[in-house]
Amino acid sequence: MSRKAKISFLIVVWSIVAIQIYVNYQEKMKEPSGAVTAFSVIEDRMVEETICGYGCFGTMEIAESTKKKMLENLAYKLGITDGYRFSNGSGDDFQKMLLTKEGKHAVTTIQIISMQSSGTEPEQYIVTEIKAREKAENAFSLYHKLKRVYKEIGVEAQVSLEMEIEQDGNCITEETGSLAEEIFKIVKAKKVDSIKKDDIFTIYGYTKLEDSYLDLNDKKVNIQIVMSYDETQDKTYVKIGVPMVNTSY
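We now turn to the structure provided with this report. Sequence order as written defines the numbering, with residues in each chain counted from 1. Residues qualify for local features only when their pLDDT is at least 70, as the model is predicted, and side-chain atom pairs are given and counted only at 80 or more; totals for whole chains, interfaces and linings, by contrast, use all residues. In computing side-chain properties, one takes all heavy atoms of the structure into account and sets aside hydrogens as well as water.

Classification of residues uses two cut-offs on accessible area relative to the type maximum, computed with a 1.4 Å probe and protein chains only: under 20% is buried, over 50% is exposed, and between them is partly exposed. Each helix corresponds to a stretch of at least 4 residues labelled H or I by DSSP, and each strand to a stretch of at least 2 residues labelled E; elements are numbered beginning at the N terminus. Where helix H5 (residues 179-186) is concerned, the buried positions are Leu179, Ala180, Ile183, Phe184 and Ile186. Lys188 occupies a position one or two residues after H5 and carries a positive phi of about 55°.

Right, here's the structure in full:
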């Protein structure tokens, strides 16, 4: 298949699968989610949720107008039809085009990043970030929706959900009744490993409520809890990652 034909094929495919994604999404919403129900117990302590995804969809040259059309199609699949803006960025070995939508409850950024190597056509990546202040149910819906979007456009991607929680007092402990134990209990997770270093407590676990997972020392991991305590504020700051925490801590 020629380069032009491949790009045209991508545009057509990304457009027509919108109907199928919508149908699948409606069917999925009819199914109860144990993880959603579980996290709703602690959602009053949540500060922000971040859903991220990235994946490579090929090596090729793509015109700026084509990138815009692709970004608009992806935004449409996420329910974004207007009120967005485009911007561009570049570095020594990359160029990117961004579509940004600042909504009432979420800020969504979709990027096509072109990674250029000398003498070769650029590798094209789709990177998505949704920062929201939503209920747990809506955050999980966005997480699963983004996974389906990548899958149905034929891009193998890493997608993650991260939730930030604030809890009064110092909650960094593994004792019975601790915050970490409470979180693992409500998502039916089994502890896989834990590390305490430089006043940061990290726990890795696995729950059957989530189908994706990573391997950690030959063990399945799909939930990570990172906790740090601020003595001046007397607060414990918690990040819960599914399957992992991706932001700094």
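Counting 48 residues, the largest nonpolar core has Ile51, Phe57, Ile110, Ile126, Leu161, Met227 and Val238 as its most contacted members. Any pair of residues with heavy atoms lying within 4.5 Å of one another is described as a contacting pair. Leaving out residues up to four positions away in the same chain, Ile110 has contacts with Leu71, Leu74, Ala75, Leu78, Met97, Leu98, Leu99, Ile126, Val127 and Thr128. What makes a nonpolar core is a set of buried Ala, Val, Leu, Ile, Met, Phe, Trp, Tyr and Cys residues whose side-chain atoms join them at distances within 4.5 Å.

The next subject is the pairing of strand E4 (residues 106-115). The buried fraction of E4 is high, at eight of 10 residues. DSSP calls a pair of strands paired once it identifies at least 2 bridges connecting them. Here strand E3 (residues 94-102) runs beside E4; their pairing, made up of nine bridges, is antiparallel. By the bridge assignment for E4, Leu99 is matched with Ile110. Between E3 and E4, which pair antiparallel and follow one another directly, the connecting turn spans three residues. Pairing analysis gives 10 bridges linking E4 to strand E5 (residues 123-132), with the strands arranged antiparallel. Looking across to E5, one finds that Thr108 is bridged to Ile130.

Every case where a carboxyl oxygen of Asp or Glu lies within 4 Å of a side-chain nitrogen of Lys or Arg is listed as a salt bridge. The final tally for this structure, using the stated rule, is eight salt bridges. Put simply, Glu64 and Lys67 hold a salt bridge, and the shortest N to O gap is 3.6 Å. Of this pair, Glu64 and Lys67 both sit in helix H3 (residues 64-77), separated by three residues, roughly a single helical turn. Residue class for Glu64 comes out partly exposed when judged on its relative accessible area of 41%. Lys67 gets classed as buried once you look at its relative accessible area, which sits at 4%. As a salt-bridge pair, Lys147 and Glu210 come within 3.1 Å of each other at their nearest N and O atoms.

For the rest of this paragraph, the subject is the packing of aromatic side chains. Centres within 6.5 Å make a pair out of two Phe, Tyr or Trp rings, where for Trp the six-membered ring is used; the pair is then stacked when the planes are under 30 degrees apart, edge-to-face when over 60, and tilted otherwise. The tally for this structure, following the rule as stated, stands at three aromatic pairs. Pairing Tyr84 with Phe86 gives two aromatic rings, centres 5.8 Å apart and planes at 85°, and the pair type is edge-to-face. Geometrically, the ring pair formed by Phe140 and Tyr143 is edge-to-face, given 6.4 Å between the ring centres and 90° between the ring planes. Taken as a pair, Phe140 and Tyr143 lie in helix H4 (residues 136-152) at a separation of three residues, close to a single helical turn. Classification of Phe140 as buried rests on a relative accessible area of 1%. Above the face of the Phe86 ring, Lys68 is positioned so that its terminal group lies 5.1 Å from the ring centre. Lys220 extends its terminal NZ or CZ atom over the ring of Tyr213, reaching a point 4.8 Å from the ring centre. Charge over a ring is defined by NZ of Lys or CZ of Arg lying within 6 Å of the ring centre and within 35 degrees of the ring normal.

Bridge count for strand E8 (residues 200-207) against strand E11 (residues 223-230) is six bridges, and the pairing is antiparallel. Counted as the bridge partner of Tyr204 is Gln224 from E11. Across seven bridges, the pairing between E11 and strand E12 (residues 235-242) is antiparallel. Considered in E12, the bridge of Tyr229 is made with Thr236.

Just distances and angles here, no functional claims.
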